[in-house]
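A look at the structure
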Amino acid sequence: MNSNYHPRINQLINKIGVTAASVILMAGCAGIPAPTEQMAVSRAAVSNAASAGGNEFAPLQLKSAMEKMDNAERAMTEENYLQARQLAEQAQADAQLATTTARSVKAQKAASALQEDNRVLRQEIDRNAQ
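Residues numbered from 1 in each chain as written. Predicted model: local features only at pLDDT ≥ 70, side-chain atom pairs only at ≥ 80, totals over all residues. Heavy atoms only, no water.

Further remarks concern the side chain of D94. Tracing the backbone through its elements, the reader meets D94 in helix α5 (residues 81-129). With residues up to four places along the chain from it excluded, the contact list for D94 reads Q61, S64, A65 and K68. (Helix = DSSP H or I, 4+ residues; strand = E, 2+ residues; numbered from the N terminus. Contact = heavy atoms within 4.5 Å.)

In this section: the pattern of salt bridges. Here the structure, examined in full by the defined rule, presents five salt bridges. A salt bridge links E73 to R43, with the shortest nitrogen-to-oxygen separation between them at 2.7 Å. Within this pair, whereas E73 is found in helix α4 (residues 59-77), its partner R43 is found in helix α2 (residues 36-51), the two being separated by 30 residues in sequence. Judged by its relative accessible area of 29%, E73 falls in the partly exposed class. By relative accessible area, which is 39% here, R43 ends up partly exposed. With a closest N to O distance of 2.4 Å, E116 and R119 form a salt bridge. Here E116 pairs with R119, and both are found in helix α5, just three residues apart, close to one helical turn. For E116, a relative accessible area of 36% gives the class partly exposed. Of the residues examined, R119 reaches a relative accessible area of 35% and is grouped as partly exposed. (Salt bridge = Lys/Arg side-chain N within 4 Å of Asp/Glu carboxyl O. Buried < 20%, exposed > 50% of the residue type's maximum accessible area, 1.4 Å probe, protein only.)

One non-glycine residue, E79, adopts positive backbone phi at about 60 degrees. In this structure, E79 sits in the loop between α4 and α5. Residue class for E79 comes out exposed when judged on its relative accessible area of 58%.

In structure tokens:
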């Protein structure tokens with residue numbers, strides 16, 4: 001065999017490989033369904049975080065969740081479903097963190113208030129006992 005054929009065969013094999021990879025990639029992207037369920041779950045999580053006091057007690061986490069949700073909505077409009085799903089999942093995680101943080105801060109404040117009430121009651125009891 002002539003050695004000139006080997007580079008041509010290698011070029012042909014490379015072209016076939018690139019074409020096959022491109023077809024597989026396009027087929028994979030075309031098959032991604034719209035993440036409508038994930039979007040709904042994430043919207044609900046953001047709403048719950050706001051209701052739990054996220055604006056007051058976890059503003060950074062809530063803001064991050066809302067921004068990611070907005071970006072997910074934009075990706076849905078552009079039919080970029082993979083990005084929409086990823087952003088929606090991130091928004092859900094941020095919203096859950098905001099909810100948990102807000103509830104934790106509220107519980108800490110309530111515990112502090114109870115401790116203060118107990119301290120005042122002890123002082124009152126001590127005064128009455130004298």
